[in-house]
Amino acid sequence: MDTPGLTLRTPEGRPFLFDPGALCLELLPTGGPGAYARYEVLHTPADLVRWAAESRLPGGLDVLVSEAELVDARALRDALWRLAEDRAHGRALSVAELDVVNARAARAALVARIDRPADAGAGGGAVRGWAPGATGDQLLSTVARDAIDLFTGAFAHRVRICGAHDCALLFVDTSRPGRRRWCAMERCGNRHKVRAHRARRSGGSGRSDRNEGES
C-alpha cells in the first residue's frame, strides 16, 4: 500500500483513514469480543480475503480461506483485542490470550518472493510477490508474528487507545515525539477541536476526552 491504513466509517457514514501502525492492530476494527461483536464484518471467508487485500501487506496476495480459518481469525482477533487493551492500560498481559497468539505464530507464515514485473524491459526490475497457494492459516500466522514483534518491541509501551471518550480504536504511536492521541485527526481529533472551541466560547472547560494533558 502507498499509504498505510484502513478506510473506516463514522456512525454517520463518513469515511476516514485510520492507521493503527501495525498489521496485527489492523485486524481489530473487523469486530471483537463482547460489545465489539456488533461491529463484526468477518462473516464469510471472502471477508477475510478482502481484509488482507486492504491491509498493509504488500499487494498481489492470492489467499484461499476456509470456514474453519475464518473462525480461527475471529479467535485470534479477539485475543489481540484483549492484549492490546491490557497493554494500553498498563495491565499484565493475559496468559490465555498470549497462548492463542503464540500457538498461531508457531504455524507456517506467508512466504514472500521476488517476481519480475510483466512490463520489465531488458534492464530487469523486481517486485515483491507471494508464493502461490497461500492459505488463511498462513495469513493468521503472519498476523500473530507481527503481534509478537509489537508486544515485545521498542514500541510496546506506545500501544494506546484513542483519547476520545466514545472511541475504542487502538493504535501504536510510531511518531517521533510519541504524542499521538487520536485514532485519526480527521475524526476524533477534529471533534475534540470543535468541542474545545465551543467550550471556550461558552466559558466551559471542554475536558471531556481521555489523556487531556497530552499534546
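Up top is the structure these notes are about.
Residues numbered from 1 in each chain as written. Predicted model: local features only at pLDDT ≥ 70, side-chain atom pairs only at ≥ 80, totals over all residues. Heavy atoms only, no water.

### Observations concerning the overall build of the protein chain
Turning to step 1, where the next piece is worked out: Of regular secondary structure, the protein chain possesses six helices and eight strands.
Turning to step 2, where the next piece is worked out: Each helix and strand of the protein chain, placed in order from N terminus to C terminus, yields the pattern β-β-α-α-β-α-α-β-β-β-α-β-β-α.
Turning to step 3, where the next piece is worked out: Among the 215 residues that make up the protein chain, the fraction classed as buried is 43%.
Turning to step 4, where the next piece is worked out: A separation of at least 24 residues holds for 59% of the contacts in the protein chain among residues at least 6 apart in sequence. (Helix = DSSP H or I, 4+ residues; strand = E, 2+ residues; numbered from the N terminus. Buried < 20%, exposed > 50% of the residue type's maximum accessible area, 1.4 Å probe, protein only. Contact = heavy atoms within 4.5 Å.)

### Some remarks on the layout of surface pockets
Turning to step 1, where the next piece is worked out: If you add up the space inside the largest pocket, you get close to 730 Å³.
Turning to step 2, where the next piece is worked out: What lines the largest pocket is a set of 27 residues, among which Leu8, Pro29, Thr30, Tyr39 and Leu169 lie closest to the centre.
Turning to step 3, where the next piece is worked out: Of all the secondary structure elements, the ones that give two or more residues to the lining of the largest pocket are strand S1 (6–9) and helix H2 (45–54). (1 Å grid on protein atoms, 1.4 Å probe; cavity = no way out; pocket = protein on both sides within 12 Å on 5 of 7 lines; lining within 4 Å. Points joined across faces, edges and corners; volume = space filled by probe spheres on them.)

### Things to note about the side chain of Asp86
Turning to step 1, where the next piece is worked out: By the element assignment, Asp86 lies in helix H3 (residues 67–88).
Turning to step 2, where the next piece is worked out: Sequence-distant contacts of Asp86, defined by excluding residues within four places in its chain, comprise Arg91, Ala92, Leu93 and Ser94.

### Some thoughts on the pattern of salt bridges
Turning to step 1, where the next piece is worked out: Evaluation of the coordinates by the stated rule reveals 13 salt bridges.
Turning to step 2, where the next piece is worked out: One salt bridge connects Arg104 with Asp72, and the closest N-O pair in it is separated by 3.2 Å. Taken together, the residues Arg104 in helix H4 (residues 95–105) and Asp72 in helix H3 connect sequence positions 32 residues apart.
Turning to step 3, where the next piece is worked out: The partner of Arg91 in a salt bridge is Asp86, with the nearest N and O atoms 2.8 Å apart.
Turning to step 4, where the next piece is worked out: When its relative accessible area of 43% is taken as the criterion, Arg91 is described as partly exposed. (Salt bridge = Lys/Arg side-chain N within 4 Å of Asp/Glu carboxyl O.)

### Side note on the packing of aromatic side chains
Turning to step 1, where the next piece is worked out: Evaluated as defined, the whole model comprises one aromatic pair.
Turning to step 2, where the next piece is worked out: Of note, Arg128 hangs over the ring of Trp130, and the distance from its end group to the ring centre comes to 5.5 Å.
Turning to step 3, where the next piece is worked out: Note that Arg180 overlies the ring of Phe171, its terminal NZ or CZ placed 4.0 Å from the centroid. (Phe/Tyr/Trp six-rings, centres within 6.5 Å; stacked < 30°, edge-to-face > 60°. Lys NZ or Arg CZ within 6 Å of the ring centre and 35° of its normal.)

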